[in-house]
Amino acid sequence: MNSHLNLAEKVSYYDKKRVAKQFGRAAQSYVVHDRLQRQVAAVLMDSLIYRPGSLLDVGCGPAHHAEELHHYTEHYLGIDLAPAMLEQAQLQEIAGHWLLADMEQLPFASASITSIFSNLAMQWGNDLTGLLQEWSRVLKPGGQLLASTILPGSMWPLGQCFQAIDGEPHHNQWPSYEMIREALAELNSELTVTEQTFVLSYDNLLQMLRELKGIGANYTVRHASGLYPRERFARLEKTMENYRTSSGKLELHWNIGLISGFKTLE
(Lines give C-alpha, C1' and ligand atoms only; values in the text may rest on other atoms or scores of the structure.)
Protein backbone atom coordinates (compact mmCIF):
# COMPACT_ATOMS: atom_id res chain seq x y z
CA MET A 1 0.00 0.00 0.00
CA ASN A 2 1.47 3.37 -0.99
CA SER A 3 1.94 6.39 1.26
CA HIS A 4 -1.00 8.20 -0.36
CA LEU A 5 -3.41 5.53 0.85
CA ASN A 6 -1.76 5.35 4.26
CA LEU A 7 -2.22 9.10 4.65
CA ALA A 8 -5.88 8.93 3.64
CA GLU A 9 -6.47 6.30 6.29
CA LYS A 10 -4.82 8.24 9.11
CA VAL A 11 -5.57 11.91 8.41
CA SER A 12 -9.08 13.35 8.30
CA TYR A 13 -10.39 15.30 5.33
CA TYR A 14 -10.57 19.08 5.56
CA ASP A 15 -13.51 21.08 4.31
CA LYS A 16 -11.64 23.86 2.50
CA LYS A 17 -14.60 26.25 2.69
CA ARG A 18 -14.65 25.89 6.48
CA VAL A 19 -10.88 26.32 6.65
CA ALA A 20 -11.06 29.53 4.57
CA LYS A 21 -13.92 30.87 6.70
CA GLN A 22 -12.09 30.10 9.94
CA PHE A 23 -8.90 31.83 8.85
CA GLY A 24 -10.91 34.69 7.39
CA ARG A 25 -12.27 35.40 10.87
CA ALA A 26 -8.70 35.56 12.18
CA ALA A 27 -7.37 37.79 9.39
CA GLN A 28 -7.28 41.06 11.34
CA SER A 29 -6.02 39.55 14.60
CA TYR A 30 -3.48 37.19 13.03
CA VAL A 31 -0.37 39.35 13.23
CA VAL A 32 -1.01 40.03 16.92
CA HIS A 33 -0.96 36.33 17.81
CA ASP A 34 1.41 34.71 15.27
CA ARG A 35 4.44 34.13 17.53
CA LEU A 36 4.86 30.53 16.39
CA GLN A 37 4.59 31.46 12.71
CA ARG A 38 7.25 34.14 13.06
CA GLN A 39 9.66 31.85 14.91
CA VAL A 40 9.31 29.06 12.37
CA ALA A 41 9.56 31.47 9.43
CA ALA A 42 12.84 32.80 10.80
CA VAL A 43 14.29 29.28 10.83
CA LEU A 44 13.16 28.64 7.24
CA MET A 45 14.57 31.93 5.99
CA ASP A 46 18.01 31.05 7.31
CA SER A 47 18.25 28.63 4.37
CA LEU A 48 16.65 30.84 1.73
CA ILE A 49 18.92 32.11 -1.03
CA TYR A 50 18.33 34.85 -3.59
CA ARG A 51 17.29 33.62 -7.01
CA PRO A 52 16.06 35.60 -10.02
CA GLY A 53 12.54 34.79 -11.14
CA SER A 54 9.45 34.30 -9.00
CA LEU A 55 9.06 33.27 -5.37
CA LEU A 56 5.73 31.73 -4.45
CA ASP A 57 4.57 32.19 -0.85
CA VAL A 58 2.07 29.36 -0.34
CA GLY A 59 -0.51 30.07 2.36
CA CYS A 60 0.78 33.61 2.74
CA GLY A 61 -1.97 34.68 5.16
CA PRO A 62 -1.68 38.43 5.87
CA ALA A 63 1.84 38.27 4.38
CA HIS A 64 3.62 39.56 7.45
CA HIS A 65 6.92 38.15 6.13
CA ALA A 66 6.40 39.25 2.52
CA GLU A 67 8.69 42.25 2.86
CA GLU A 68 11.61 40.04 3.89
CA LEU A 69 10.84 37.39 1.26
CA HIS A 70 10.79 40.13 -1.35
CA HIS A 71 14.57 40.52 -0.91
CA TYR A 72 15.13 36.94 -2.14
CA THR A 73 13.39 37.23 -5.50
CA GLU A 74 12.58 39.45 -8.47
CA HIS A 75 8.84 38.76 -8.27
CA TYR A 76 6.90 37.94 -5.10
CA LEU A 77 3.66 35.94 -5.45
CA GLY A 78 1.42 35.17 -2.49
CA ILE A 79 -1.52 32.75 -2.51
CA ASP A 80 -4.06 31.95 0.17
CA LEU A 81 -7.38 30.19 0.51
CA ALA A 82 -9.04 32.95 2.56
CA PRO A 83 -10.10 36.17 0.78
CA ALA A 84 -9.96 38.12 4.06
CA MET A 85 -6.30 37.12 4.52
CA LEU A 86 -5.48 38.39 1.04
CA GLU A 87 -7.18 41.70 1.81
CA GLN A 88 -4.75 42.12 4.70
CA ALA A 89 -1.83 40.95 2.56
CA GLN A 90 -2.48 43.61 -0.04
CA LEU A 91 -1.89 46.26 2.61
CA GLN A 92 1.79 45.32 2.55
CA GLU A 93 3.88 48.06 0.98
CA ILE A 94 5.83 45.89 -1.43
CA ALA A 95 5.65 45.16 -5.15
CA GLY A 96 3.90 41.81 -5.22
CA HIS A 97 0.90 39.91 -6.50
CA TRP A 98 -1.66 38.02 -4.42
CA LEU A 99 -4.00 35.33 -5.69
CA LEU A 100 -6.90 33.40 -4.19
CA ALA A 101 -5.91 29.78 -4.77
CA ASP A 102 -5.81 26.30 -3.28
CA MET A 103 -2.26 25.12 -2.58
CA GLU A 104 -3.19 21.67 -3.88
CA GLN A 105 -4.27 23.08 -7.27
CA LEU A 106 -1.86 25.83 -8.17
CA PRO A 107 -2.83 28.18 -11.03
CA PHE A 108 0.68 28.27 -12.51
CA ALA A 109 2.35 26.65 -15.49
CA SER A 110 4.75 23.78 -14.96
CA ALA A 111 8.36 24.79 -14.18
CA SER A 112 7.40 28.47 -13.87
CA ILE A 113 8.38 29.20 -10.24
CA THR A 114 11.96 29.64 -9.05
CA SER A 115 11.39 29.35 -5.29
CA ILE A 116 8.55 28.09 -3.09
CA PHE A 117 8.21 29.20 0.52
CA SER A 118 5.40 27.86 2.69
CA ASN A 119 5.21 28.45 6.42
CA LEU A 120 2.80 26.33 8.49
CA ALA A 121 0.27 25.87 5.70
CA MET A 122 0.76 22.40 4.24
CA GLN A 123 -0.83 20.67 7.25
CA TRP A 124 -4.17 21.94 5.87
CA GLY A 125 -3.79 19.84 2.72
CA ASN A 126 -5.87 16.73 2.11
CA ASP A 127 -3.35 14.79 0.02
CA LEU A 128 0.25 15.12 1.18
CA THR A 129 1.76 13.24 -1.76
CA GLY A 130 -0.38 15.07 -4.29
CA LEU A 131 0.38 18.43 -2.70
CA LEU A 132 4.15 17.92 -2.87
CA GLN A 133 3.88 16.67 -6.45
CA GLU A 134 1.90 19.78 -7.37
CA TRP A 135 4.52 22.02 -5.81
CA SER A 136 7.24 20.11 -7.63
CA ARG A 137 5.31 20.49 -10.90
CA VAL A 138 5.39 24.31 -10.83
CA LEU A 139 8.96 24.50 -9.51
CA LYS A 140 11.74 24.98 -12.04
CA PRO A 141 14.56 22.40 -12.18
CA GLY A 142 17.09 23.51 -9.58
CA GLY A 143 14.42 25.57 -7.83
CA GLN A 144 14.41 25.87 -4.04
CA LEU A 145 11.61 24.71 -1.75
CA LEU A 146 11.32 25.64 1.92
CA ALA A 147 8.26 24.59 3.90
CA SER A 148 7.14 23.87 7.43
CA THR A 149 4.27 21.83 8.79
CA ILE A 150 2.84 20.64 12.10
CA LEU A 151 3.73 17.13 13.21
CA PRO A 152 2.04 14.74 15.67
CA GLY A 153 2.82 15.49 19.30
CA SER A 154 2.08 19.19 18.85
CA MET A 155 -0.15 21.20 21.17
CA TRP A 156 1.18 19.35 24.21
CA PRO A 157 -0.06 19.35 26.93
CA LEU A 158 -3.29 21.11 25.90
CA GLY A 159 -4.45 18.24 23.70
CA GLN A 160 -3.84 15.72 26.45
CA CYS A 161 -5.76 17.85 28.94
CA PHE A 162 -8.75 18.12 26.62
CA GLN A 163 -8.59 14.35 26.13
CA ALA A 164 -8.60 13.85 29.90
CA ILE A 165 -11.75 15.88 30.52
CA ASP A 166 -13.98 14.95 27.57
CA GLY A 167 -12.26 12.20 25.58
CA GLU A 168 -11.43 14.50 22.65
CA PRO A 169 -7.95 15.94 21.92
CA HIS A 170 -9.50 19.00 20.18
CA HIS A 171 -6.83 19.14 17.52
CA ASN A 172 -6.42 17.64 14.07
CA GLN A 173 -4.46 14.59 13.04
CA TRP A 174 -1.26 15.56 11.27
CA PRO A 175 0.95 13.61 8.84
CA SER A 176 3.89 12.03 10.61
CA TYR A 177 7.57 12.66 9.98
CA GLU A 178 7.77 9.26 8.25
CA MET A 179 4.83 10.06 5.96
CA ILE A 180 6.51 13.27 4.87
CA ARG A 181 9.86 11.57 4.35
CA GLU A 182 8.23 8.88 2.19
CA ALA A 183 6.29 11.46 0.16
CA LEU A 184 9.48 13.44 -0.49
CA ALA A 185 11.25 10.27 -1.64
CA GLU A 186 8.72 9.96 -4.47
CA LEU A 187 9.74 13.31 -5.95
CA ASN A 188 12.51 14.09 -8.40
CA SER A 189 14.23 16.28 -5.86
CA GLU A 190 16.90 16.70 -3.22
CA LEU A 191 14.49 17.54 -0.42
CA THR A 192 14.91 16.54 3.20
CA VAL A 193 12.78 16.93 6.32
CA THR A 194 13.97 17.58 9.85
CA GLU A 195 12.05 17.98 13.10
CA GLN A 196 12.32 20.83 15.58
CA THR A 197 10.36 21.63 18.74
CA PHE A 198 9.12 25.15 19.47
CA VAL A 199 7.82 26.07 22.92
CA LEU A 200 5.54 29.02 23.63
CA SER A 201 4.84 30.24 27.18
CA TYR A 202 1.69 31.76 28.62
CA ASP A 203 0.60 33.28 31.90
CA ASN A 204 -2.73 31.47 31.88
CA LEU A 205 -4.99 29.18 29.87
CA LEU A 206 -7.22 31.97 28.56
CA GLN A 207 -4.21 33.70 27.02
CA MET A 208 -3.23 30.43 25.33
CA LEU A 209 -6.69 29.79 23.90
CA ARG A 210 -7.04 33.36 22.68
CA GLU A 211 -3.76 33.10 20.80
CA LEU A 212 -4.87 29.85 19.12
CA LYS A 213 -8.15 31.45 18.11
CA GLY A 214 -6.33 34.59 16.95
CA ILE A 215 -4.38 32.63 14.32
CA GLY A 216 -7.32 30.45 13.27
CA ALA A 217 -5.75 27.36 14.82
CA ASN A 218 -8.91 26.45 16.71
CA TYR A 219 -10.36 24.82 13.57
CA THR A 220 -10.91 21.07 13.83
CA VAL A 221 -12.23 18.58 11.31
CA ARG A 222 -15.09 17.67 13.61
CA HIS A 223 -17.70 20.35 14.16
CA ALA A 224 -17.23 22.02 17.53
CA SER A 225 -20.07 21.86 20.04
CA GLY A 226 -19.58 25.52 20.95
CA LEU A 227 -17.00 27.66 22.66
CA TYR A 228 -15.71 26.70 26.06
CA PRO A 229 -18.66 26.33 28.46
CA ARG A 230 -17.86 27.61 31.93
CA GLU A 231 -17.75 24.20 33.61
CA ARG A 232 -15.59 22.59 30.95
CA PHE A 233 -13.23 25.57 30.91
CA ALA A 234 -12.85 25.35 34.69
CA ARG A 235 -11.99 21.64 34.45
CA LEU A 236 -9.52 22.29 31.66
CA GLU A 237 -7.91 25.13 33.60
CA LYS A 238 -7.52 22.90 36.65
CA THR A 239 -6.01 20.07 34.59
CA MET A 240 -3.56 22.41 32.86
CA GLU A 241 -2.30 23.64 36.23
CA ASN A 242 -0.62 20.23 36.64
CA TYR A 243 1.73 21.29 33.83
CA ARG A 244 2.66 24.75 35.07
CA THR A 245 6.44 25.11 34.98
CA SER A 246 8.77 26.03 37.84
CA SER A 247 8.94 29.52 36.32
CA GLY A 248 5.19 29.87 36.73
CA LYS A 249 4.28 29.58 33.06
CA LEU A 250 1.99 27.32 31.04
CA GLU A 251 3.66 25.98 27.90
CA LEU A 252 2.47 24.80 24.52
CA HIS A 253 4.85 22.53 22.63
CA TRP A 254 4.85 22.33 18.83
CA ASN A 255 6.68 19.66 16.82
CA ILE A 256 7.44 21.20 13.45
CA GLY A 257 8.61 19.48 10.29
CA LEU A 258 11.06 21.60 8.29
CA ILE A 259 11.39 20.72 4.60
CA SER A 260 14.24 22.15 2.56
CA GLY A 261 16.15 21.47 -0.62
CA PHE A 262 16.03 21.76 -4.38
CA LYS A 263 14.30 20.20 -7.32
CA THR A 264 16.74 18.01 -9.26
CA LEU A 265 18.22 19.54 -12.40
CA GLU A 266 16.96 17.82 -15.53
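To start, this report covers the structure provided alongside it. (Residues numbered from 1 in each chain as written. Predicted model: local features only at pLDDT ≥ 70, side-chain atom pairs only at ≥ 80, totals over all residues. Heavy atoms only, no water.)

### Some remarks on the nonpolar core
Nonpolar side chains tend to gather and get buried jointly when the protein is soluble and globular.
Argument step 1. Membership of the largest hydrophobic core comes to 80 residues, with the highest contact counts inside it found for W135 and L158.
Argument step 2. With six residues, the single largest contributor to this core is strand β7 (residues 250-263).
Argument step 3. If we skip the residues at most four places from it in the chain, W135 touches V58, M103, L106, I116, S118, M122, L145 and A147. (Core = buried A, V, L, I, M, F, W, Y, C linked by side-chain atoms within 4.5 Å. Buried < 20%, exposed > 50% of the residue type's maximum accessible area, 1.4 Å probe, protein only. Helix = DSSP H or I, 4+ residues; strand = E, 2+ residues; numbered from the N terminus. Contact = heavy atoms within 4.5 Å.)

### Description of the environment of T194
Argument step 1. Its location among the elements puts T194 in strand β6 (residues 189-202).
Argument step 2. Judged by relative accessible area, T194 falls into the partly exposed class, the value being 43%.
Argument step 3. Put simply, T194 and Y177 are 17 residues apart on the chain and 8.1 Å apart in space, counted from C-alpha to C-alpha.

### Looking at the pairing of β7
Argument step 1. Burial analysis of β7 places eleven of its 14 residues in the buried class, the great majority of the element.
Argument step 2. Across seven bridges, strand β5 (residues 139-150) lies against β7 in antiparallel orientation. When the bridges of β7 are listed, Q144 appears paired with F262.
Argument step 3. With 14 bridges connecting them, β6 and β7 associate as antiparallel partners. Along β7, the bridge assignment pairs V199 with H253. (Pairing = 2+ DSSP bridges.)

### Some details on the environment of C60
Argument step 1. Secondary-structure assignment places C60 in the loop between β1 (54-58) and α5 (66-69).
Argument step 2. Its relative accessible area of 2% is what places C60 among the buried residues.
Argument step 3. As a C-alpha pair, C60 and A82 span 22 residues in sequence and 9.8 Å in three-dimensional space.
Argument step 4. Leaving out residues up to four positions away in the same chain, C60 has contacts with Y76, G78, I79, D80, L86 and W98.

### Here's the deal with the packing of helix α8 (residues 158-166) against helix α11 (residues 230-240)
Argument step 1. Following both chains from N to C, one finds α8 and α11 inclined at 125 degrees, their axes separated by 9 Å at the closest point. With respect to each other, α8 and α11 are oriented oblique. Like other packed secondary-structure pairs, α8 and α11 cross with a definite hand, here right-handed. Where α8 approaches α11, its residues L158, C161, F162, I165 and D166 are matched on the opposing element by R232, R235, L236, T239 and M240.
Argument step 2. Residues of the contact of α8 with α11, tallied by class, amount to six nonpolar, one polar and three charged. (Axes fitted to C-alpha atoms, helices over the stretch in contact; angles between N-to-C directions. Parallel < 35°, antiparallel > 145°, perpendicular 65-115°, else oblique. Left-handed = near helix turned anticlockwise from the far one by under 90°. Nonpolar A, V, L, I, M, F, W, Y, C, P; charged D, E, K, R; others polar.)

### Considerations on the packing of aromatic side chains
How two aromatic rings sit relative to each other is set out by the distance from centre to centre and by the angle between their planes.
Argument step 1. Taken as a whole and judged by the stated rule, the model has three aromatic pairs.
Argument step 2. With centroids separated by 5.4 Å and ring planes inclined at 85 degrees, the aromatic side chains of W156 and Y243 adopt a geometry described as edge-to-face. Residue W156 is located in the loop between β5 and α8, and its partner Y243 is located in the loop between α11 and β7; the two are separated by 87 residues in the primary sequence.
Argument step 3. For Y243, a relative accessible area of 33% translates into the label partly exposed.
Argument step 4. Against the face of Y202 rests R35, its NZ or CZ located 4.9 Å from the ring centre. (Phe/Tyr/Trp six-rings, centres within 6.5 Å; stacked < 30°, edge-to-face > 60°. Lys NZ or Arg CZ within 6 Å of the ring centre and 35° of its normal.)

### A look at the sheet that holds β1
Argument step 1. Read from one edge of the open sheet, seven strands run β3-β2-β1-β4-β5-β7-β6, paired in mixed fashion. Edge strands, defined here as strands with exactly one partner in the open sheet, are β3 (96-100) and β6. Direction aside, neighbouring strands of the sheet carry axes that sit 15 degrees apart on average.
Argument step 2. Where strand β4 (residues 113-118) lies against β5, five bridges are found, and the strand directions are parallel. The residue bridging I113 from the neighbouring strand is L139, located in β5.
Argument step 3. Against the sheet, helix α4 (residues 35-45) touches β4, β5, β6 and β7, its axis set at about 145 degrees to β6.

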